[in-house]
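Architecture and fold: a report
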Amino acid sequence: MRTRVEIMNDFLAINVEPGKTIQDIVEASGSALPFGCRDGECGTCVVSIEQGMEYLSPMTAKEVKVLKEVLAGTTTEKSRLSCQMKVVKPNGLIRIKY
Ligand code: FES
């Protein structure tokens, strides 16, 4: 019933229950993925979801705004903010690159 979260740059893989935030997972794993404000305002924690977007919570309003305005021109349809996402479904695979 867990979903596997892989942080590709750090060769880390963690199996988590739905409801966990990506920020919590990253911090518990020892990943070097950087954070700034931790509140969806600075864009420091931007990542690319290489697989498993459907296992993540929808974008928050703050996330949409930062991706569109602060990070304009540097994002793709795979871009998300780590501090705004959580795992929402079991039995999946999420692959994150930063
Ligand atoms: S840490 Fe600032 S937007 Fe995520």
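Preceding this paragraph is the structure being described.
Residues numbered from 1 in each chain as written. Predicted model: local features only at pLDDT ≥ 70, side-chain atom pairs only at ≥ 80, totals over all residues.

Describing the overall build of the chain
Counting its secondary structure elements, the chain contains two helices and five strands. Counted from the first residue to the last, the chain has its helices and strands arranged as β-β-α-β-α-β-β. When its C-alpha atoms are laid out on the principal axes, the chain stretches across 35 × 25 × 20 Å. Each of the 98 residues in the chain was classed as buried or not, and the buried ones make up 29%. (Helix = DSSP H or I, 4+ residues; strand = E, 2+ residues; numbered from the N terminus. Buried ≥ 20, exposed ≤ 12 C-beta atoms within 10 Å, placed from the backbone.)

Comments concerning the sheet that holds strand E1 (residues 3-7)
Pairing is mixed in the open sheet, where five strands are placed in the order E2-E1-E5-E3-E4. Each edge of the open sheet carries a strand with a single partner, namely strand E2 (12-16) and strand E4 (79-81). Strand-to-strand twist in this sheet, taken as the mean axis angle between neighbours without regard to direction, amounts to 35°. Strands in contact with helix H1 (residues 22-29) are E1 and E2; relative to E2, the strand with the most contacts, it is inclined by about 130°. (Pairing = 2+ DSSP bridges. Axes fitted to C-alpha atoms, helices over the stretch in contact; angles between N-to-C directions. Contact = placed C-beta atoms within 7 Å.)

Structural notes on the pairing of E2
Pairing of E1 with E2, which is carried by five bridges, proceeds in the antiparallel orientation. Opposite Arg4, over in E2, you have Asn15 as the bridge partner. In this antiparallel pair of consecutive strands, E1 and E2, the connection spans four residues, and Phe11 shows a positive phi of 55°.

Some thoughts on the environment of Ile22
Positionally, Ile22 belongs in helix H1. It is 20 Å that separates the C-alpha atoms of Ile22 and Leu71, two residues lying 49 residues apart in sequence. Non-local contacts of Ile22, meaning those with residues more than four positions away in its chain, are made with Ser82, Met85 and Lys86.

Nothing here speaks to function; it is geometry throughout.
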